[in-house]
Amino acid sequence: MKLGVAVSGKGSNLRNLVDLGFDVVAVATNRPSCGGAAFARQRRIPVGELSLKRFASEEARDAAMRDFFRSHDVELVVDAGYDRIHTRPFLEGYRGRIINVHPSLLPEFGGSMDAVEQALRSGVPVTGATVHLVTEDLDAGPILAQEAVEVRDNDTVESLRRRVHEAEHRILPRAIRTLEARLAESPAVGQ
Ligand code: GRF
């Protein structure tokens with residue numbers, strides 16, 4: 001299935017998908033200078049540079065993102081470190097076909113911009129990573145895959161973040177395959 005990936009940060013999840021041979025046909029970003037966008041350019045993957053300042057509203061930007069992905073025949077969208085909430089034009093354009101990777105065991109630490117730091121501060125013995133379908137409810141769409149990560153006594157935000165990232169790199173490919181299989185069985189779900 002043709003994947004469109006939305007990024008705002010380093011892009012390690014994007015790189016992992018490309019390295020595993022997933023068919024990433026387009027990358028969209030709200031931060032054209034981010035590491036994920038640089039990686040995509042280096043691999044000659046078309047990059048949609050969709051900074052908010054170029055548009056009159058979030059909705060206009062999201063309509064442009066939808067059209068950009070459609071122009072590359074994207075069938076499934078992966079939010080891999082994308083730091084904005086999709087608005088209606090995008091959610092409706094790709095309903096049931098957008099997934100997000102979040103660095104905690106949702107519903108714990110949902111809606112947080114730094115769920116790893118929050119987990120460490122709160123003293124929980126276990127955190128993890130989640131891949132879920134994106135719906136109007138921020139971080140609350142149906143879960144496709146999760147992996148627990150133990151919090152160690154000597155963990156720093158960096159060391160814990162590294163292990164959470166490793167978990168993300170394992171579950172995101174799995175979740176994509178799960179959703180691809182579901183969509184192949186009943187494509188209407190995502191229309
Ligand atoms: C990941 O931790 C993801 O869960 C969160 O943003 C981070 C992106 O990392 N939404 P990367 O850009 O894929 O390295």
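Residues numbered from 1 in each chain as written. Predicted model: local features only at pLDDT ≥ 70, side-chain atom pairs only at ≥ 80, totals over all residues. Heavy atoms only, no water.

Undergrad: How would you explain the packing of aromatic side chains if you had to name every residue and give the values?
TA: In this description, a pair of aromatic rings is defined by centroid distance and the angle of the planes. Under the counting rule described, the total for this entry stands at four aromatic pairs. Here the aromatic rings of F68 and F69 are separated by 5.6 Å at their centres, their planes lie at 40°, and the arrangement is tilted. Judged by its relative accessible area of 15%, F68 falls in the buried class. Judged by relative accessible area, which is 0%, F69 ranks as buried. A centroid spacing of 5.7 Å and a plane angle of 35° characterise the contact between F90 and Y94, whose relative ring orientation is tilted. Taking the relative accessible area as the measure of exposure, F90 reaches 0% and is therefore buried. (Phe/Tyr/Trp six-rings, centres within 6.5 Å; stacked < 30°, edge-to-face > 60°. Buried < 20%, exposed > 50% of the residue type's maximum accessible area, 1.4 Å probe, protein only.)

Undergrad: Give a description of the packing of helix α5 (residues 115–122) against helix α6 (residues 157–185) that names residues and reports values.
TA: Between two packed helices, both the angle of their axes relative to each other and the distance between the axes serve to describe the pair. Closest axis-to-axis distance for the α5/α6 pair is 9 Å, and the angle between their directions is 120°. Relative to α6, the element α5 is oriented oblique. For the pair α5 and α6, the sense of crossing is right-handed. For the pair formed by α5 and α6, the contact residues are V116, E117 and L120 on the first element and V157, L160, R161 and V164 on the second. Residues that form the contact of α5 with α6 fall into these classes: five nonpolar, no polar and two charged. (Axes fitted to C-alpha atoms, helices over the stretch in contact; angles between N-to-C directions. Helix = DSSP H or I, 4+ residues; strand = E, 2+ residues; numbered from the N terminus. Parallel < 35°, antiparallel > 145°, perpendicular 65-115°, else oblique. Left-handed = near helix turned anticlockwise from the far one by under 90°. Contact = heavy atoms within 4.5 Å. Nonpolar A, V, L, I, M, F, W, Y, C, P; charged D, E, K, R; others polar.)

Undergrad: Just give me the short version of the packing of helix α1 (residues 12–19) against α6, but keep the residues and values in it.
TA: Orientation of α1 relative to α6, taken along the N-to-C sense of each, is 50°, at an axis distance of 10 Å. Our classification of the angle between α1 and α6 gives oblique. The two elements α1 and α6 meet at a crossing, and its hand is right-handed. Contacts between α1 and α6 pair S12, N13, N16 and L17 from the former with H165, E168, H169, L172, P173 and I176 from the latter.

Undergrad: Describe in detail the sheet that holds strand β5 (residues 98–102), supporting the description with residues and values.
TA: As summarised here, the arrangement of the seven strands in space is β3-β2-β1-β4-β5-β6-β7, forming an open sheet in which the pairing is mixed. The outermost strands of the open sheet, each flanked by one partner alone, are β3 (47–49) and β7 (143–150). Across this sheet, the average inter-strand angle for adjacent strands is 20°, counted without regard to direction. Bridge count for strand β2 (residues 24–29) against β3 is three bridges, and the pairing is parallel. Bridge pairing in β3 links A28 to G48. With respect to the sheet, α1 is in contact with β1 (3–7), β2, β4 (76–79) and β5, its orientation differing from that of β2 by roughly 170°. Of the strands in this sheet, β1, β2 and β3 are in contact with helix α2 (residues 35–42), which crosses β3 at around 140°. (Pairing = 2+ DSSP bridges.)

Undergrad: For the site of the ligand, give the residues involved together with the corresponding values.
TA: The environment of the ligand is formed by G9, K10, G11, S12, N13, G81, V101, H102, P103, H165 and E168. At a separation of 3.4 Å, an oxygen atom of the ligand approaches a polar backbone atom of P103. Expressed as a share of its isolated accessible area of 370 Å², the protein-covered part of the ligand is 83%. Looking at the shell around the ligand, the elements with two or more residues in it are α1, β5 and α6. (Near = heavy atom within 4 Å. Polar contact = N/O pair within 3.5 Å; in protein donor to acceptor, adjacent residues only side chain to side chain. Areas by Shrake-Rupley, 256 points an atom, 1.4 Å probe, with all protein chains shown as cover.)

Undergrad: Hey, could you go over α5 for me, with residue numbers and the actual values?
TA: Every buried residue of α5 is listed here: A115, V116 and A119. Summarising the axial view, the buried residues of α5 lie within an arc of 105°, below the 170-degree limit, and thus occupy one face. A positive backbone phi angle near 80° is found at G123, which sits one or two residues after α5. (Arc of directions from axis to C-beta.)

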